[in-house]
Each structure stands twice: as structure tokens, then as C-alpha cells.
Amino acid sequence: MSKITIIGAGNVGATCADVIVSRELADEVVLLDIKEGISEGKAMDIMQTAALREFNTRLTGVTNDYSATEKSDIVVITSGIPRKPGMSREDLIGTNANIVKSVTENILKYSPDAILVMISNPMDTMTYLTIKTGNLPKNKVIGMGGTLDSSRFKYYLSKALNVPASEIQGFVIGGHGDTTMIPLIRFATYNGIPVSELLSQEQIDKVVADTMVGGATLTKLLGTSAWYAPGAACASLVESVIRDQKRVLPCCVALDGEYEQKDIALGVPVVLGKNGWEKIVDYKLNDAEQALFNKSAEAVRNMNGVLSEMKIV
Ligand code: APR
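Per chain, residue numbering runs from 1 following the sequence as it is written. The model is predicted, so local features are restricted to residues of pLDDT at least 70 and side-chain atom pairs to those at 80 or more, both for listing and for counting; the totals for chains, interfaces and linings are taken over all residues. Based on all heavy atoms of the structure, the side-chain values leave hydrogens and waters out of the count.

A. Main features of the site of the ligand. Nearness is defined per residue: one heavy atom within 4 Å of the molecule or strand is enough. Taken together, 21 residues surround the ligand, and among them N11, V12, D33, T78 and N121 come closest. With respect to the ligand, the backbone of N11 contributes an N or O atom lying 2.9 Å from an oxygen atom. Under the rule applied, a polar contact is a pair of N or O atoms within 3.5 Å (in protein, one hydrogen donor and one hydrogen acceptor; residues adjacent in sequence only if both atoms are side-chain atoms). A distance of 2.8 Å is found between an oxygen atom of the ligand and a side-chain nitrogen or oxygen belonging to N121. Where accessible areas are quoted, they stem from the Shrake-Rupley method and a 1.4 Å probe; at the residue level, only the protein chains shown are allowed to cover. Bound to the protein, the ligand loses 88% of the 730 Å² it would expose on its own. Strands are runs of DSSP state E lasting at least two residues, helices are runs of H or I lasting at least four, and both sets are numbered from the N terminus onward. At the level of elements, helix 1 (11–22) and helix 4 (93–110) are the ones that each hand at least two residues to the shell around the ligand.

B. The domain arrangement of the protein, seen in detail. The domain limits used here are those given by an automatic or database domain assignment. Domains assigned within the protein are domain 1 (3–145) and domain 2 (146–309). Computed from C-alpha atoms alone, the centre-to-centre distance between domain 1 and domain 2 is 21 Å. In this assembly, 41 residues from domain 1 lie in contact with 54 residues from domain 2. When two parts are put together, the accessible area they lose, computed with a 1.4 Å probe and summed over both, is reported as buried area. Between domain 1 and domain 2, the buried area comes to about 3800 Å², and carbon and sulfur atoms account for 65% of it. A per-residue breakdown of the area domain 1 buries against domain 2 is headed by R89, D124 and M144, which together make up 16% of the total. Two residues form a contact once any of their heavy atoms are found within 4.5 Å.

C. Representation of the pairing of strand 2 (residues 28–33) in the model. Of all 6 residues in strand 2, 6 are buried; the element is thus mostly enclosed. In short, DSSP must find at least two bridges between two strands for them to pair. Relative to strand 2, strand 1 (residues 3–7) runs parallel, the two being bridged by 5 bridges. Across the sheet, residue T5 finds its bridge partner in strand 2, namely V30. If you view a crossover with the strands going away from you and the path from the first strand over the helix to the second runs clockwise, you call it right-handed. For the segment spanning strand 1, helix 1 and strand 2, crossover handedness is right-handed. Across 6 bridges, the pairing between strand 2 and strand 3 (residues 58–63) is parallel. Working definition: with a 1.4 Å probe on protein chains only, accessible area under 20% of the residue-type maximum means buried, over 50% means exposed, and in between means partly exposed.

D. Up close: the nonpolar core. As used in this record, nonpolar core signifies buried Ala, Val, Leu, Ile, Met, Phe, Trp, Tyr and Cys residues forming a set joined through side-chain atoms within 4.5 Å. Ranked by size, the top nonpolar core spans 51 residues in total, and within it I4, I6, I20, V76, V238, L272 and F293 carry the most contacts. Residue contributions to this core reach at least three from each of two domains, namely domain 1 (3–145) and domain 2 (146–309). For V238, the contacting residues outside a window of four places in its chain are I4, I20, L25, I74, V76 and V117. Counting 27 residues, the second largest nonpolar core, distinct from the first, contains I7, L32, V62 and M303.

E. View of helix 8 (residues 214–222). Of the positions making up helix 8, those classed as buried are G214, G215 and T219. The buried residues of helix 8 occupy an angular sector of 135° when the element is viewed end-on, so they sit on one face. Away from its buried face by more than 90 degrees, helix 8 exposes K220 and L221. Among the residues trailing helix 8, G223 stands out with phi positive, at a value near 80°. Our arc is simply the arc of the directions from the helix axis toward the C-beta atoms.

F. Highlighting the sheet that holds strand 7 (residues 168–169). Strand order in the open sheet formed by 3 strands is 7-10-11, and the pairing between neighbours is antiparallel. Every other strand in the sheet has two partners, leaving strand 7 and strand 11 (193–194) as the edge strands with one partner each.

G. Up close: the pairing of strand 12 (residues 247–256). Summarising burial for strand 12: 7 of the 10 residues are buried, a large majority. Direction of pairing for strand 12 relative to strand 13 (residues 262–273): antiparallel, over a ladder of 10 bridges. Its bridge partner being in strand 13, V248 is matched across the sheet by V271. Connecting the antiparallel pair strand 12 and strand 13 is a turn made up of 5 residues, with G257 showing a positive phi of about 105°.

H. Spotlight on helix 7 (residues 201–212). Counted at 1.5 Å a residue, the expected span for helix 7 with its 12 residues is 16 Å, and the 17 Å between its end C-alpha atoms agrees. Where helix 7 is concerned, the buried positions are I204, V207, V208, T211 and M212. Around the axis of helix 7, the buried residues are gathered within 125° of arc, so they sit on the same side. In helix 7, the exposed positions angled more than 90 degrees off the buried face are occupied by E202 and K206. Buried positions along helix 7 lie against helix 6 (145–161), strand 8 (172–174), strand 9 (181–183) and helix 8. To estimate how far a helix should reach, multiply one less than its number of residues by 1.5 Å.

I. Fine view of the environment of E167. Tracing the backbone shows E167 in the loop between helix 6 and strand 7. A C-alpha to C-alpha distance of 8.5 Å links E167 and T189, two positions 22 residues apart in sequence. With residues up to four places along the chain from it excluded, the contact list for E167 reads T189, Y190 and N191.

Here it is, written out as C-alpha cells:
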């Protein structure tokens, strides 16, 4: 019996639940929210598509009842406030840190062995917070941002090349902020052909810029932050863990000297399997890429510092 819990039944949490149950990634899925009725309603709505979409996973919605989450294999944390137009992910830190900390404590009471997937923003800092306060093996805390940013990167590359996004390989590493993420053009290929051989510098610059503001562009259009791509990115990550697929996806994980950084959680390509993130893949950055990574780490480290200023860690 496999079980996945999703905390937060808002836009991202409910979309994530929808993709997870429709792909039958677990026998049982629990959707929990603090707001009365919302998780029950959304779970019921999704379950009413079971006959149409032919899935057999059971999704249950609960209001703040953590006993229903007992013995979850994976817990996805989306609870918190989303960005509004003009806000950066960093603006959410105070509110979301307190929510994420108390949610994690409750989760671990009922599922001490769970693998935690962090989505609440600022995601790098929320992942760091959970590593610091959750007292879990480091491989069991995975931040989702890089998987989403990489999917956006591949989409913009596919548009520029006019080819299917599934034919593109590429990674975004570093922080999950608009200015801290690093789309790694040098490693991006169309079926093995470096995209730098297929696109002009101007086109490449536009792909990189569009990727970096990918989330902010949507926040402006939607009036709140995006949910389809975050939900789908989360489901891909969860699938690799629960099915032990050993896929390589960029995720925010604790670094202990890898990529020249330590005491920080930052996006790097990792192998995802039944033990959580199992291995960091070393892409051997050149000097310019490493300098960007170090700069990104510095910005994220400054933000993590707010947690101690606020006496949260
Ligand atoms: N416990 C459980 N649920 C909570 C709690 C809590 N302590 N606090 C808030 N929530 C719930 C809210 O009731 C709401 O239903 O979290 C949900 C958040 O949903 P939305 O407001 O729709 O936000 P969403 O767009 O899903 O984004 C969630 O993911 O991408 C990030 O930046 C985004 O941090 C944000 C998070």
C-alpha cells in the first residue's frame, strides 16, 4: 500500500493531487487544508472524474486532521500564501516559514519516515528550514523548484526551435528566484545537438530571460501564482521517487561541499528514487557557471539568514 499526502488544497495542491491520482501514483492520496471544506470539496470533485478518466486511486480530503495522513510515504507541502503581482517569492518568507514549520511538525508525528517535497515559497528557504528543524536524513527533504523551472526552460527552447518540448534536454540549477535561477544553456540539447548550435545568441538570451521570469509573467497574467506546471512538475518528481525510477531532475537539496557549497539547500540535478534524492549529479560547471552558482547561493543564504533573525531556526 502506498500513500501520498498533499498539504494545502489551493491551486497548486489540488492540481498536484489531480495529476497524482489520475496517473495512479499511489493507492491512497490525502489532501489536507486548514480551511474548512475546501479539501473535501476538491477531493470529491476530482474523484467524480474517476469513471471518466479510469483511475482507481482513492483521494480523501480532510480539514486539518493529521491522523488521516498517518504512514504516508511522501508528503508534498504547498500550504502557505502565493505571490500576488509585483511580489517576489522572497516576500512570502515570514508567513510561509511559520506555516511550513508547524505543518512539518504535525506531519512527522504521524509519518516519521516520510519523504517531504517542498513547494511553498520561497522554496529554497523553506527546504532549508525543513532540513534544519525536521531532524530528518537529508535525502528525505526535496525542494521542487528546479523541476518546474527546467520544464519552463524546455518549453521556451522548444518554442524557439519549433520542436516538441519532450525532445529537449536541459536543466535549470541554483535558486528558485527570478534572479537566482541558472538555465544551463551549455548542457541544453535537442536530441543531443547543443542548442547553441541551433539558435542565435539573441534567441538564447530571450529563452534564458523568459525562463527566469516564467513564474512572474504568469503571476502578472493570473493575479496569483501558477498551478498547472507546478502541479505537474511535482507529480513527475513524486513519480520518480514512489516508482523508484532513478530519473535525474533538478531539485533543491542540502549541499555539503558539492558544487562548492555547504550549509545551504540549492537546486542541482539529483537522482530520485525510493530513498528520496539518492545522488547529486556533478555537471562540472565552467568558471562562469560556477560564479553564477556562487552568486545564487549568496542570495539564498542571505534569505535563509532571515529565518534566524526571525528566530524561526
Ligand atoms: N495548514 C494547511 N493548509 C494551509 C495552512 C496550514 N497551516 N495555511 C494555509 N493553508 C492553505 C490555504 O488554506 C490554501 O488553501 O494553503 C493553500 C494555499 O493555496 P493557494 O492560496 O491557492 O496558493 P497556491 O497557488 O496553491 O500556492 C501555494 O505554492 O507555488 C507556491 O508560492 C506558492 O507558496 C505558495 C504555495
